[in-house]
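Structural overview for review
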Amino acid sequence: PEDDGDGKRRHKQRGDNITGRETKSKRWFQHHPFVPIRAMTSMASSWRWPWGGLRPIPSRTLLDCLTLASLFYCAATPSTDVSNHALLALACSITIATAGPTSRWTISFPLVPFLLLQCLRRVIACLDDANEGGGGDGWFWSGVAIGVLSFLLLILSTALTVLFPALELSPVRGKYNVGVIDLHLPVDFSG
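The present account deals with the structure reproduced in this document.

Scoring rules and cut-offs
- Residues numbered from 1 in each chain as written.
- Predicted model: local features only at pLDDT ≥ 70, side-chain atom pairs only at ≥ 80, totals over all residues.
- Heavy atoms only, no water.
- Salt bridge = Lys/Arg side-chain N within 4 Å of Asp/Glu carboxyl O.
- Helix = DSSP H or I, 4+ residues; strand = E, 2+ residues; numbered from the N terminus.
- Buried < 20%, exposed > 50% of the residue type's maximum accessible area, 1.4 Å probe, protein only.

**Thoughts on the pattern of salt bridges**
By the definition in use, this model includes 2 salt bridges. Put simply, D64 and R60 hold a salt bridge, and the shortest N to O gap is 3.2 Å. In this pair, D64 and R60 both sit in helix 3 (residues 58–76), 4 residues apart, roughly one turn of the helix. Taking the relative accessible area as the measure of exposure, D64 reaches 3% and is therefore buried. Assessed through its relative accessible area of 9%, R60 is described here as buried. Among the ionic pairs, R104 bridges to D64, the shortest N-O distance being 3.0 Å. Of this pair, R104 sits in the loop between helix 4 (82–103) and helix 5 (105–130) while D64 sits in helix 3, and the two are 40 residues apart along the sequence. With a relative accessible area of 5%, R104 lands in the buried category. When salt bridges that share partners are traced, they join R60, D64 and R104 into one network.

Structural data, given as structure tokens:
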């Protein structure tokens, strides 16, 4: 450590000028993969996002996570449960109301076949109850196939949401001459 005259001891390592305490915490983060939440949030604020300087919208990210969590819950619980239907309807209506059908396409597009599969799962459960469980193994395996397809759609939706998050657009700075120009070409039709 060297003293630069301002009373702070500074380390000259790898060309960086940081205080001794910051160096110690930097070393601690490199050797301990499980860091406290406060440290992770401070690190995330200085994180370089891979979307060309754009940052995810925190409220939209939270809504996407809650929607996906509720859809995973609906896929994992029995289809005869009333809370399953209420939560499924609430998640779909909040997503459509806040973002519209295409603004959050990463959730909306896989959501349509997911809803169809959940309705089919409910119909199969009702038919099995009407037969007093006499449907045999066919009902069981169709329920397993619907469950697997539902989880695959949710995994696809999660991957798309991570790869294509809702991003904040930076404000326009500088002079941009973007628009439409009418161009009239002289054409001689007398010919």
